[in-house]
Amino acid sequence: MKFAIFGNKHQSKKSENIEKLFAAISEWKDSFIIDRPFYEYLLEEGKLFMQPEDIIDGDNFEADIAISFGGDGTFLRTANRVGNKNIPLLGINAGRLGFLTSFSANKVSELFECLHRGEYRIEERGVIEVSADKELQNNPYALNEVAVMKHDNSSMISIEASLNGEECITYQADGLIIAAPSGSTGYSLSAGGPIIAPDANVFVLTPIASHSLNARPVVVNDRTEVKLKVVSRSHNYLIAIDGRNEECDENTTLTLRKAPHTIKIIKIKGQTFFKTLHDKMMWGADLRN
């Protein structure tokens, strides 16, 4: 197999177990290519235990599997790089919670055995595509969520949301999150949104610190086209696409819809969404004892 490796170069503790990954690649006589910033970081830290077949510059690469080595933020950045290439994505958790990166870095050897025996399945996750009446600077695809937020003062913003051309609601809030199922356990959940199973074909609209008690999260079919118009005292706002931030002026209208491609995520036998909920978030656990 040929792997494309992406990693976290900002927190050294998240790369402490990288030797185990290289050992597994060597043991199975696989090959790998590696993202240049992560390559240079490992080289500088003395943690590059074998040489790659090539260095990844930009998004022009091919591999059988893309590996994200880090936390959920690294996973989202890797998904952004994979895009519509149809390369399955494997998340190895070297961070803290690791909801998306659910494989432990301590069990890389077992993981590679499952990969080579074909004892895994691929989940396809829906992606949100963002367009605007100006050119966005960031990649317009989000696996987790798109957040529209106030930018440079403490005043709330007004967000007019239209669904399939029908003007539905104006949120008076600090912001609005539009989450895909994969993102329902992230920012949306912390703002009071529901947990959504990853195979549900829906989006959820979750207001951030709404100034109206009757503004509640809304779940809509992912075939719905969502248009957002923002009014702000500062005449601008911030849009975050899976954490990639940029400023927009209030004359910029955003359109969100389901992307034409999915992100393919590798799962091994016994690894389910609800088991991950229980293990990572203590979902449904009785903590009274």
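Residues numbered from 1 in each chain as written. Predicted model: local features only at pLDDT ≥ 70, side-chain atom pairs only at ≥ 80, totals over all residues. Heavy atoms only, no water.

K.L.:
I'm lost on the sheet that holds strand 8 (residues 128-132) in this one. Help?
P.N.:
Backbone hydrogen bonds are what pair the strands of a sheet, in a parallel or an antiparallel way. Spatial ordering of the open sheet is given by 9-8-19-16-11-12, a layout of 6 strands whose pairing is antiparallel. Every other strand in the sheet has two partners, leaving strand 9 (141-142) and strand 12 (166-173) as the edge strands with one partner each. As paired strands, strand 16 (residues 226-231) and strand 19 (residues 254-258) are joined by 3 bridges and run antiparallel to one another. When the sheet's bridge partners are listed, Leu 228 is paired in strand 19 with Leu 254. (Pairing = 2+ DSSP bridges. Helix = DSSP H or I, 4+ residues; strand = E, 2+ residues; numbered from the N terminus.)

K.L.:
Quick question: what am I supposed to make of the sheet that holds strand 14 (residues 202-208) here?
P.N.:
If you trace the 6 strands from one edge of the open sheet to the other, you get 15-14-13-10-17-18, paired in antiparallel fashion. A single partner strand is all that each edge strand has here, and the edge strands are strand 15 (218-221) and strand 18 (244-249). Neighbouring strand axes in the sheet, compared pairwise and without regard to direction, differ in orientation by 20 degrees on average. Here strand 17 (residues 236-241) pairs with strand 18 via 6 bridges, running antiparallel. Residue Tyr 237 lies in a different strand from strand 18, and its bridge partner there is Cys 248. (Axes fitted to C-alpha atoms, helices over the stretch in contact; angles between N-to-C directions.)

K.L.:
How should I be thinking about the layout of surface pockets in this particular structure?
P.N.:
Where empty space is left becomes clear once a probe the size of a water molecule has been rolled over the atoms. A volume near 360 Å³ is recorded for the second largest pocket. Lining the second largest pocket we find 16 residues, and of these Ser 102, Phe 103, Lys 107, Ile 268 and Gln 271 sit closest to its centre. (1 Å grid on protein atoms, 1.4 Å probe; cavity = no way out; pocket = protein on both sides within 12 Å on 5 of 7 lines; lining within 4 Å. Points joined across faces, edges and corners; volume = space filled by probe spheres on them.)

K.L.:
Hey, could you run me through helix 1 (residues 18-27) in this one?
P.N.:
Within an α-helix, residues lying three or four positions from one another point in the same direction, as the helix has 3.6 residues per turn. Within the span of helix 1, buried status applies to Ile 18, Leu 21, Phe 22, Ala 24 and Ile 25. The arc enclosing the buried residues of helix 1, seen along the axis, measures out at 160 degrees, which places them on a common side. Check the buried side of helix 1 and you find it contacts strand 1 (2-7), strand 2 (31-35), helix 2 (36-45), strand 4 (65-70), strand 5 (89-93) and helix 4 (108-117). Two residues or fewer past helix 1, Lys 29 is found with a positive phi of approximately 55 degrees. (Buried < 20%, exposed > 50% of the residue type's maximum accessible area, 1.4 Å probe, protein only. Arc of directions from axis to C-beta. Contact = heavy atoms within 4.5 Å.)

K.L.:
Explain the pattern of salt bridges here, please?
P.N.:
Should the charged atoms of two oppositely charged side chains come close, the side chains can pair. One pass over the full model with this rule turns up 13 salt bridges. Where Lys 2 meets Glu 53, a salt bridge forms, and the shortest distance between an N and an O atom there is 3.3 Å. Linking Lys 2 in strand 1 with Glu 53 in the loop between helix 2 and strand 3 (54-56), this pair joins segments that are 51 residues apart in sequence. Here Lys 2 falls in the partly exposed class, since its relative accessible area comes to 24%. Across the pair Arg 125 and Glu 123 runs a salt bridge, and its minimum N-O distance is 3.0 Å. Like Glu 123, Arg 125 is buried. (Salt bridge = Lys/Arg side-chain N within 4 Å of Asp/Glu carboxyl O.)

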